[in-house]
Amino acid sequence: MSDSKSIGILTAGGDCQGLNAAIRGVAKSAIKQYGMEVIGFLDGFRGLAENRYERLGDDTLSGILTFGGTILGTSRDKPHKMSIGDKVVDTIAQAEDNYHKLHLDALVCIGGGGTQKNALRLLKKTSMNIVTLPKTIDNDVWGTDACFGYDTAVEIATEAIDRLHSTASSHHRVMVVEIMGHNTGWLTAASGLAGGADVVIIPEISYDIEVIKNSLIKRNRKGKRFSIVAVAEGARPKDEVEMPADCEDSAAVHLTHRLAELTGLETRLTSLGHVMRGGSPSAADRILATKLGTKAVDLIAQGQSGVMVAERGGYAVPVPLEEIAGNRRIIPPDHPILESLRSLGICLGD
Ligand code: F6P
């Protein structure tokens, strides 16, 4: 164990709640427990390539636990394919050069699935030591039970569904709510269950428009004069004819029009969008981000590299990046959330 290491941190990909808690967890434990120097690269992999960074200390870390977003800024830039002016440049050699110029012993990359892939690329092509943390509201990083950002986003979507209930009920409408999640349905399934949605449509289960139509009409005939349809942004019908690949509308816009047309019920769409990524992290996300962050520093102090710190059974454990990068964690068909939704008679569109 050494007390003279220097480490860098960067946040990459879409922001989410808990990023500052993770930065704080990494940096405070690095400084306080191991006497390390810590710098934060700005705007993800772009800051690493452009050598833009700030030193992290008490002044920058104090009070950030509860803040949304990331104090370091983020971007979706990839180190091997970065737009610079009108060119797309491979900046991996620059990144390695900057890492060594700053005498870094390790780099902590905080991000989702794309970041895990980029981190593995840097690991394979350079002499940099890299440890990653899994963050994303989508909860789709392979190899971990949970990603920070997810819990807060579920709360936001659940509150939105709660609020939609009263207006849906007053106007006797079908309210479709579009929920982020990229190509997975974790956010939609969880908030649909917690918010008591009547229909939950996720990418993992291709929907049959007739099944959804029939469930809404059945509810209406039973005297339930409103319905809530929670639909994941990545949802897809099972029939290509229903929504051709070149359809310019989002799945939720398309579904809303089709349900209005097929059921004759008054229907409205609410898209939660980036609201789901904003604001202060929940207590669970603060705890998860801090726990994974402090563990990352322990692993670096022990000389480990090439791992993501995953949450498994309540413990923070290292998992080789090779196992993670390129895989996506989707909801398995027998997952308890789906089983509960089915047991309650909630329509999953299949
Ligand atoms: O990965 C998080 C996420 O919010 C997804 O749910 C969504 O598909 C995407 O990012 C939106 O990306 P952007 O912020 O680049 O519009």
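Notes on the structure in this doc start here. (Residues numbered from 1 in each chain as written. Predicted model: local features only at pLDDT ≥ 70, side-chain atom pairs only at ≥ 80, totals over all residues. Heavy atoms only, no water.)

What to know about the overall build of the protein chain
Okay, so step 1: When helices and strands are tallied, the protein chain shows 12 helices and 13 strands.
Okay, so step 2: The C-alpha radius of gyration of the protein chain comes to 22 Å, within 12% of the 20 Å expected for a compact globule of 350 residues.
Okay, so step 3: Dimensions of the protein chain, computed from C-alpha atoms along their principal axes, come out at roughly 70 × 40 × 35 Å.
Okay, so step 4: A burial count over the protein chain gives 54% of its 350 residues as buried.
Okay, so step 5: Once local pairs closer than 6 in sequence are excluded, the contacts in the protein chain between residues at least 24 apart make up 73%.
Okay, so step 6: Accessible surface for the protein chain amounts to roughly 14,800 Å². Of this, 49% is attributable to carbon and sulfur atoms.
Okay, so step 7: Separation between the mean location of the 38 positive side-chain charges and that of the 43 negative ones in the protein chain comes to 2 Å. (Helix = DSSP H or I, 4+ residues; strand = E, 2+ residues; numbered from the N terminus. Rg over C-alpha atoms; globule rule 2.2 N^0.38 Å. Buried < 20%, exposed > 50% of the residue type's maximum accessible area, 1.4 Å probe, protein only. Contact = heavy atoms within 4.5 Å. Areas by Shrake-Rupley, 256 points an atom, 1.4 Å probe, with all protein chains shown as cover. Lys, Arg positive; Asp, Glu negative; His and termini not counted. Charge placed at Lys NZ, Arg CZ, Asp CG, Glu CD.)

Topic: helix α7 (residues 186–195)
Okay, so step 1: The buried fraction of α7 amounts to eight of the 10 residues, a majority that puts the element mostly inside the structure.
Okay, so step 2: Considered for burial, the residues of α7 that qualify are Trp186, Leu187, Thr188, Ala189, Ala190, Ser191, Gly192 and Gly195.
Okay, so step 3: Residue glycine 196 follows α7 closely and has a positive phi angle near 75°.

A word on the site of the ligand
Okay, so step 1: The environment of the ligand is formed by Arg76, Thr136, Ile137, Asp138, Met180, Gly181, His182, Glu233, His274 and Arg277.
Okay, so step 2: The contact in question runs from an oxygen atom of the ligand to an N or O atom on the side chain of histidine 274, over 3.0 Å.
Okay, so step 3: One of the side-chain nitrogen or oxygen atoms of arginine 277 is found 2.8 Å away from an oxygen atom of the ligand.
Okay, so step 4: For the ligand, whose unbound accessible area comes to 390 Å², protein coverage reaches 71%.
Okay, so step 5: Each residue belonging to the shell around the ligand can be placed in one class, and the counts come to two nonpolar, four polar and four charged.
Okay, so step 6: Each of two domains, domain 1 (6–148 + 281–324) and domain 2 (151–277), supplies a minimum of three residues to the shell around the ligand. (Near = heavy atom within 4 Å. Polar contact = N/O pair within 3.5 Å; in protein donor to acceptor, adjacent residues only side chain to side chain. Nonpolar A, V, L, I, M, F, W, Y, C, P; charged D, E, K, R; others polar. Domains from an automatic or database assignment.)

Topic: the nonpolar core
Okay, so step 1: In this structure, Ile9, Ile110, Leu133, Phe148, Ile179 and Met276 are the most contacted members of the largest nonpolar core, which totals 66 residues.
Okay, so step 2: Those residues in contact with methionine 276 that sit more than four places away from it in its chain are Gln17, Ile137, Ala153, Ile156, Ala157, Ile179, Met180 and Leu187.
Okay, so step 3: The next biggest cluster of nonpolar side chains, apart from the first, holds 28 residues, and it includes Ala119, Leu120, Met308 and Ala310. (Core = buried A, V, L, I, M, F, W, Y, C linked by side-chain atoms within 4.5 Å.)

Let's talk about the packing of α7 against helix α12 (residues 336–343)
Okay, so step 1: Closest axis-to-axis distance for the α7/α12 pair is 10 Å, and the angle between their directions is 40°. By the angle class used here, α7 and α12 are oblique. Like other packed secondary-structure pairs, α7 and α12 cross with a definite hand, here left-handed. Facing α7, whose interface residues are Ala189, Ala190, Gly192 and Leu193, α12 presents Ile337, Leu338, Ser340 and Leu341.
Okay, so step 2: A class-by-class count of the residues in the contact of α7 with α12 yields six nonpolar, two polar and no charged. (Axes fitted to C-alpha atoms, helices over the stretch in contact; angles between N-to-C directions. Parallel < 35°, antiparallel > 145°, perpendicular 65-115°, else oblique. Left-handed = near helix turned anticlockwise from the far one by under 90°.)

Remarks on the environment of alanine 190
Okay, so step 1: By the secondary structure assignment, alanine 190 is in helix α7.
Okay, so step 2: Alanine 190 sits in the buried class, given a relative accessible area of 11%.
Okay, so step 3: Remark: the alpha-carbon pair of alanine 190 and leucine 122, spanning 68 residues in sequence, is separated by 34 Å.
Okay, so step 4: In contact with alanine 190, not counting residues within four places along its chain, are Tyr150, Val154 and Ile337.

Examining the side chain of serine 227
Okay, so step 1: As for its placement among the helices and strands, serine 227 is situated in strand β10 (residues 227–232).
Okay, so step 2: Once residues within four sequence positions are removed from consideration, serine 227 is found in contact with Arg173, Val174, Met175, Asp198, Leu216 and Arg219.

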